[in-house]
Amino acid sequence: MSADDGNEQAGGAEPWRPETTAIALGRPPAVPDGPLNVPVSPASALQAGGTSGYARDGHAPWQALEEVLGALEGGRAVTFSSGMAATTAAMRLFDASPVIVAPEVAYMDVRRVLLESQEAGRAQVRLVDVTDTDAVLAACDGADVLWLESPTNPLLGIADLPRLCAAARDGDLLCVVDNTFATPLLQRPLELGADVVIHSATKAIGGHSDLLLGAAIVSDDAHLRTLRGARELGGATPGALETYLCLRGLRTLPLRLERSQQNAAVLAERLSEHSEVHEVRYPGLDSHPQHARARGTLGGPGFMLTFRVNGGAARADALLDAVRVFTHATSLGGVESTLERRARYPTERGVVPEDLLRVSVGCEHVEDLWHDLEQALESSASAG
Ligand SMILES: *Cc1c(COP(=O)(O)O)cnc(C)c1O
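Residues numbered from 1 in each chain as written. Predicted model: local features only at pLDDT ≥ 70, side-chain atom pairs only at ≥ 80, totals over all residues. Heavy atoms only, no water.

## A look at the site of the ligand
So the rule is basically this: Summary of the distance rule: residues count as near a molecule or strand when at least one heavy atom falls within 4 Å of that molecule or strand. Counting of polar contacts relies on pairs of N or O atoms within 3.5 Å, with two restrictions inside protein: one atom must be capable of donating a hydrogen and the other of accepting it, and residues adjacent in sequence are counted only when both atoms are side-chain atoms. With residues, only the protein chains shown are counted as cover, and all accessible areas are computed by Shrake-Rupley using a 1.4 Å probe. A pocket, in this scheme, is an open set of points on a 1 Å grid over the protein atoms alone with protein on both sides within 12 Å along at least 5 of 7 lines, while a cavity is a set where a 1.4 Å probe fits but cannot get out; residues line either one if an atom lies within 4 Å of a point. In this description, a molecule resides in a pocket or cavity if more than half of its atoms sit within 2 Å of the grid points defining it. Gly is placed with the polar residues, together with every amino acid not listed as nonpolar (Ala, Val, Leu, Ile, Met, Phe, Trp, Tyr, Cys and Pro) or charged (Asp, Glu, Lys and Arg).
Around the ligand there are 13 residues in total, and Met84, Asp178, Ser200, Thr202 and Lys203 lie nearest to it. Taking Met84, its main chain carries an N or O atom lying 2.8 Å from an oxygen atom of the ligand. In this structure, Thr202 approaches the ligand through a side-chain N or O atom, which is 2.6 Å from an oxygen atom. Coverage of the ligand by the protein chains reaches 94% of its 380 Å² of free accessible surface. Here the ligand is seated within the second largest pocket. Grouping the amino acids of the shell around the ligand by side-chain chemistry returns four nonpolar, six polar and three charged.

This is the structure in structure tokens:
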């Protein structure tokens, strides 16, 4: 069942497409009356005589999820208890006192943990605008690590991943790409030369806002060993129920993405024509600053968008109170559409405008979503 065993794709058959991989891999051996899914198995101690013996050292249900995630990204996956656990484990791959080139706009806690390592004297961090390829390449001179996120959270900036990953490889920088917003269906950074792909599987991979889980995916054997060691000794192991739910969610990622992306494209288009809204950002819109790059490098524009509402933060907050189909909540990538005002977080002030709403578009009917936004825009008008 492990990724090492290969799968039905072996033997020169045509490789499976992601829709099939997401469903067909990570299954228990076919035995009469056996289950089709690897069962939820809460366990700490395991029967002696196997390769693990203790669940922190490795647990069969993780392998099923890792097999699917690894195949989708084209590498070997190591799962963790959260996206941040995967992020901090990936930092174990750095040399001592590294110079790290990192995005000035990125998931706020990733930026925080990188900057904390600088404050503690363990690293030097060069923050860059990842959409400005020349600036990133210049910052890479003499650096050890290139940490990328694209599309960026929350501003949906698009980095030129093919060029940047190739440059990192040529310059011998360790290249890490947080692929949470794109998912492996829209972008596969390992194929472009990245060394590590990070996912917050809490988001679109799990897809139902009911679990925390993370993954780091690599191709190099030494990196794989380091990450597994980081999990074993760091102790950030995924829970049994979370692992089960995450794989169950991952089965439908291709379906969910198709719908949420279609919905997002319609909402972005309509919002950009609405008189009470300005600066709609969505990689699929012509007006997006890296629209052409997104078309060239991403398999689709994704399910995230941002917009600003006329009337400032007060109007934006009133809109959040007025939505009925959308949920006012953080996080993203669920079947349920959510939105929030990012500047409500102190660490996001100065990065995003006060009135910017980040929207994660889900799988509801697009007309219900649109009517909800329309009525919320209308009923919040007096708050501006
Ligand atoms: C949410 C998120 C993370 C952190 O993941 P958790 O599962 O919340 O720990 C990392 N990167 C990005 C881009 C995210 O959106």
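## Some remarks on the pattern of salt bridges
Opposite charge on two side chains permits pairing when their charged atoms draw close. As a reminder, the rule being used: Should a side-chain nitrogen of Lys or Arg be within 4 Å of a carboxyl oxygen of Asp or Glu, the pair is scored as a salt bridge. Secondary structure follows DSSP: runs of H or I at least 4 residues long count as helices, runs of E at least 2 residues long count as strands, and numbering of each begins at the N terminus. Burial status follows relative accessibility: with a 1.4 Å probe on protein chains alone, a residue under 20% of its type maximum counts as buried, one over 50% as exposed, and anything between as partly exposed.
Evaluation of the coordinates by the stated rule reveals 16 salt bridges. The residue Glu276 makes a salt bridge to Arg315 at a minimum N-O spacing of 2.9 Å. Here Arg315 lies in helix 13 (residues 312-322) and Glu276 lies in the loop between helix 11 (253-272) and strand 8 (277-281), a separation of 39 residues in the sequence. Under the relative-accessibility criterion, Arg315 is labelled buried at 2%. A salt bridge links Glu340 to Arg342, with the shortest nitrogen-to-oxygen separation between them at 2.5 Å. With respect to burial, Glu340 and Arg342 carry one shared label: buried. Salt bridges sharing partners connect three or more residues here, namely Arg111, Glu340, Arg342, Arg344, Glu348 and Arg358.

## As for empty space enclosed by the protein
Test applied: Grid points are joined across faces, edges and corners, and a volume is the space filled by probe spheres set on the points.
Using the criterion set out here, one finds two cavities of 30 Å³ or more in the structure. Within this model, the largest cavity holds a volume of roughly 70 Å³. In terms of lining residues, the largest cavity is bounded by Ala204, Leu253, Arg256, Leu257, Ser260, Phe303, Gly333, Gly334, Val335, Ser360, Val361 and Cys363. Considering every element that reaches the lining of the largest cavity, the biggest residue donor is helix 11, with four residues.

## Some remarks on the packing of aromatic side chains
Stated formally: Here the aromatic set is Phe, Tyr and Trp, taking the six-membered ring for Trp, and pairing holds for ring centres within 6.5 Å; pairs whose planes are under 30 degrees apart are stacked, those over 60 apart are edge-to-face, and all others are tilted. We call a charge positioned above a ring when the Lys NZ or Arg CZ atom is no farther than 6 Å from the ring centre and deviates by at most 35 degrees from the ring normal.
The full count for this structure, using the stated rule, is one aromatic pair. Between the aromatic rings of Phe94 and Trp147, the centroid separation amounts to 6.2 Å while the plane-to-plane angle is 85 degrees, which identifies the pairing as edge-to-face. Taken together, the residues span a long stretch of sequence, with Phe94 in the loop between helix 3 (83-90) and strand 2 (99-103) and Trp147 in strand 4 (residues 145-149) at a distance of 53 residues. Residue Phe94 is classed as buried on the basis of its relative accessible area, which comes to 14%. Of note, Lys203 hangs over the ring of Tyr107, and the distance from its end group to the ring centre comes to 5.0 Å.

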